[in-house]
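Architecture at a glance
One letter stands for each residue in the lines below.
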Amino acid sequence: GAVASLDIGPRDAVIVPPLTFISTAYCALYVGAVPIFADIDSNTLNIDLEAIESKITSRTKAIVCVSLYGLPPDLEGIMRVARKHNLYVIEDNAQCVLGKVNEKLAGTFGDFSIFSFQRSKHLTTGDGGVAITSNEKLAEKFRKLCDLGYRNLTAKPITNEDFKEKIQQPDFKRHELVGYNFRMPEVCAAMGI
């Protein structure tokens, strides 16, 4: 959902680390973009800043950085490179809840941050996850993409149940875009809370 929310698509490139779960590369493939692997730092096992810079081309639109084994990568450096080249940053914090870089929480640097709650993660609800962003426009698009493209969804925490009467009207145009059914089950969310 995050990559699609950023309007990344066919012929675009997304830089990802090679040492991670396949979903990191899949996020580019799902939208027709190409994952470009930037090597890791042998000391941290996280994506290497110099390797990222060496992979940037005119087709590059985003960097996906993974905080592996609870250790965030050089997020400050990654953000400098991203700003220099006008790239989006998606933080994958599936293995890093409450990790910090210079007293700033991992997950608060990029345009999006993803947290997985799959059963083997540090914080689990059995499955599901969350994405966070400080950009209200991106949050609204993400929410619509992940919940069937319902027109009335906003960045605020609502669901189609909140406007059920309206969507039942025959002349109401329910869907603004083609979306997915990526909603986390309420039971999983209750466990997380």
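This text goes with the structure placed above it.
Residues numbered from 1 in each chain as written. Predicted model: local features only at pLDDT ≥ 70, side-chain atom pairs only at ≥ 80, totals over all residues. Heavy atoms only, no water.

1. Regarding the overall build of the chain
Just so we agree on the cut-off: Secondary structure counts use DSSP, requiring at least four H or I residues in a row for a helix and at least two E residues in a row for a strand, with both numbered from the N terminus. What the globule rule says is 2.2 Å times the number of residues to the power 0.38, and the radius of gyration is computed from C-alpha atoms. Partly exposed describes any residue whose relative accessible area lies between the buried limit of under 20% and the exposed limit of over 50%, with all areas from a 1.4 Å probe on protein chains only and scaled to the type maximum. The protein chains shown are the only cover counted for residues, whose accessible areas, like all others here, come from Shrake-Rupley with a 1.4 Å probe. His is not counted here, nor are the chain ends, while Lys and Arg score as positive and Asp and Glu score as negative. Charged groups are reduced to one reference atom each: NZ for lysine, CZ for arginine, CG for aspartic acid, CD for glutamic acid.
Regarding its fold elements, the chain presents 7 helices and 8 strands. On C-alpha atoms alone, the chain measures out to a radius of gyration of 17 Å, which is about the 16 Å that the 2.2 N^0.38 rule sets for 193 residues. The principal-axis extent of the C-alpha atoms belonging to the chain is close to 60 × 40 × 25 Å. Going through the 193 residues of the chain one by one, you find that 39% of them count as buried. Accessible surface computed for the chain: about 11000 Å², of which carbon and sulfur atoms make up 53%. Computing the positive centroid from 22 side-chain charges and the negative centroid from 23, the chain places the two 5 Å apart.

2. Here's the deal with the packing of aromatic side chains
Note the threshold: In this analysis, rings of Phe, Tyr and Trp, with Trp reduced to its six-membered ring, are considered paired at centre separations within 6.5 Å, and the interplanar angle assigns stacked below 30 degrees, edge-to-face beyond 60, and tilted for intermediate values. Whether a charge sits over a ring depends on NZ of Lys or CZ of Arg being within 6 Å of the ring centre and within 35 degrees of the ring normal.
Scanning all chains against the criterion turns up 3 aromatic pairs. With a centroid separation of 5.6 Å and an interplanar angle of 45 degrees, the aromatic rings of Y26 and Y30 are classed as tilted. A centroid spacing of 5.5 Å and a plane angle of 45 degrees characterise the contact between F112 and F142, whose relative ring orientation is tilted. Here F142 lies in helix α5 (residues 136-146) and F112 lies in strand β7 (residues 112-116), a separation of 30 residues in the sequence. Judged by its relative accessible area of 17%, F142 is buried. Sitting above the plane of the F109 ring, K104 keeps its charged end 4.5 Å from the centroid.

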